Amino acid sequence: MRYVTIPSTDLHVSGICLGTATFGSEITAEESFKMMYQFTAAAGNFIDTARVYADWLPGGHGASETTIGRWLAQRGGRDSIVLATKGAHPDLKAMNVSRMSQNAISADIEESLRCLQTDYIDLYWLHRDDTAMPVADILGMMESFVEQGKIRYYGCSNWRMRRIREALDCAKATCIQGFVGDQPMWSLAEWNPGVIGDPTLVSMSPELFGLHCATGLAAIPYSSQAKGFFTKFARNGDSIAPPMKRRFWNERNLARAEKAMELAGQMHIPVAAIPLAWLACQPFVTVPIIGPRNSMQLAESLTAADIVLPPETVEDLRAG
């Protein structure tokens, strides 16, 4: 397993991050335990969750964090795991109401610590932004949680480029750590315009990509395999399911998928590994988050762990 260090931190993480949104809910606790053991047996050490995961299911609140906490208690060795979770997400029934306050984030952190059965979080993501709140105030809040020892580092998820730029500039001006990473939606396959149901989700854009290149800010992208688009295209071609077509069926993605299939054949690896390897070979530290539904999907994704694509191949895939 290839490892990278997130810049400006001592977080030495596996080149693939295990996403756990459905652990303990859509995926049973037993199967979730099995995959976490499989991931760590392959030298993976970076696990990502969120306070809001499974809140959309009846009785699902806290399922992911609770499942991880039970697994950590059974496994032991907490210090060998780089554990990331997210807070400050609006209530799903009131997405227009911000929860970016000291009390709300403190409550999220305390609940996360309790469910995860740990006394610190290695990397804490602000799951959404509140553009009405000055970034200086937000960073000040987060620094207070670092000082309390509740979290070690923090970053942003689904923040737009202008606000991230402001936060980075503010941190530099005030001599604080600030954001050490960004968690955007990003894959080799680009979403079709207008099909992302949640307008608060933020995809990697050319402008945001430029900011990462200029600053070296790490990216830890979710939806890194575009909900399985490349595997499903390789298996079904133009018979791919209508929801997938609505999301990803466009000229650029089809060209990228054809190239990914050809490259996977040449390398004798699953096509699912190509978008992960592509992300891992960007000009700044990038650690893709995977969301396997079973052990077989996890095994396929892990084949990307040690692949280094030549720069010309990375650019060829980007060009589509």
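Refer to the structure presented above.
Below is a summary of the structure that appears in this document. Source: prediction; values computed, not measured. (Residues numbered from 1 in each chain as written. Predicted model: local features only at pLDDT ≥ 70, side-chain atom pairs only at ≥ 80, totals over all residues. Heavy atoms only, no water.)

### So, the overall build of the chain
Applicable threshold: Strands are runs of DSSP state E lasting at least two residues, helices are runs of H or I lasting at least four, and both sets are numbered from the N terminus onward. As defined in this context, the radius of gyration uses C-alpha atoms, and a globule is described by 2.2 Å times the residue total to the power 0.38. For every residue, the accessible area obtained with a 1.4 Å probe (protein chains only) is divided by the maximum for its type, and the residue is called buried under 20%, exposed over 50%, and partly exposed between those limits. Residue burial considers only the protein chains on display, and all accessible areas are found by Shrake-Rupley using a 1.4 Å probe. Two residue types count as positive, namely Lys and Arg, and two as negative, namely Asp and Glu; His and chain ends fall outside the count. By convention, the point assigned to a charge is CZ for Arg, NZ for Lys, CD for Glu and CG for Asp.
Broken down by element type, the chain carries twelve helices and ten strands. The C-alpha radius of gyration computed for the chain amounts to 19 Å, which stays within 12% of the reference 20 Å derived for 320 residues, consistent with globular compactness. Taken along the three principal axes of its C-alpha coordinates, the chain extends 50 × 45 × 40 Å. For the chain, with 320 residues in total, the buried portion stands at 53%. Total accessible area on the chain stands at roughly 13,500 Å², and carbon and sulfur atoms take up 53% of it. Taking the average place of the 29 positive charges on the side chains of the chain and the average place of its 34 negative ones, the gap between the two points comes to 4 Å.

### Let's talk about the packing of aromatic side chains
Selection criterion: Only rings of Phe, Tyr and Trp enter the pairing, Trp through its six-membered ring, and a pair is recorded when the two centres are within 6.5 Å. The plane angle decides the type: under 30 degrees is stacked, over 60 is edge-to-face, the rest tilted. Criterion for a charge above a ring: Lys NZ or Arg CZ within 6 Å of the ring centre, and within 35 degrees of the ring normal.
Scanning the model with the defined rule gives 13 aromatic pairs in all. Centre to centre, the rings of W159 and F179 are 5.1 Å apart; their planes meet at 90°, and the pair counts as edge-to-face. Remark: F179 occurs in strand β8 (residues 179–183) and W159 occurs in the loop between β7 (151–157) and α5 (161–174); sequence separation between them is 20 residues. The residues W159 and F179 share a single accessibility class, namely buried. Seen from the ring of W249, K245 lies directly overhead, with NZ or CZ sitting 4.8 Å from the centre.

### Examining the environment of G140
Within the secondary structure, G140 sits in helix α4 (residues 135–147). Sequence-wise, G140 and S101 are 39 residues apart; in three dimensions their C-alpha atoms are separated by 11 Å.

### Thoughts on the packing of helix α1 (residues 29–41) against helix α2 (residues 63–75)
What counts is decided by this rule: Orientation is described by lines fitted to C-alpha atoms, with helices fitted over the stretch in contact, and by angles between N-to-C directions that extend from 0 to 180 degrees. The cut-offs work like this: below 35 degrees is roughly parallel, past 145 is roughly antiparallel, 65 to 115 is roughly perpendicular, and the gaps in between are oblique. Left-handed describes a crossing whose near helix is turned anticlockwise from the far helix by less than a right angle; the clockwise case is right-handed. In this description, contact between two residues means that some pair of their heavy atoms is separated by no more than 4.5 Å. Throughout this entry, Asp, Glu, Lys and Arg are counted as charged residues, while Ala, Val, Leu, Ile, Met, Phe, Trp, Tyr, Cys and Pro are counted as nonpolar. The remaining residues, Gly among them, count as polar.
At a minimum axis separation of 10 Å, α1 and α2 run at an interaxial angle of 55°. By the angle between their axes, α1 is oblique relative to α2. Crossing handedness for the pair α1 and α2: right-handed. In contact with A29, S32, F33, M36, Y37 and T40 of α1, α2 contributes T67, I68, R70, W71, Q74 and R75. Split into classes, the residues belonging to the contact of α1 with α2 amount to six nonpolar, four polar and two charged.

### Points about the pairing of β8
The following threshold applies: Each pair of strands is called paired provided DSSP finds at least two bridges between the two strands. Orient the strands so they point away from the viewer, and a crossover whose first-strand-to-second-strand path over the helix runs clockwise is right-handed.
Counting buried positions over the five residues of β8 gives five, a clear majority of the element. In this sheet, β8 lies alongside β7 in parallel orientation, the contact comprising three bridges. Considered in β8, the bridge of C156 is made with D182. In the classification by handedness, the crossover that spans β7, the intervening α5 and the parallel β8 is right-handed. Bridge count between β8 and strand β9 (residues 218–219): two bridges; the pairing is parallel. In the sheet register, G181 faces β9, and the bridge partner there is A218. Taken together, β8, helix α6 (residues 206–215) and β9 form a β-α-β motif whose crossover is right-handed.

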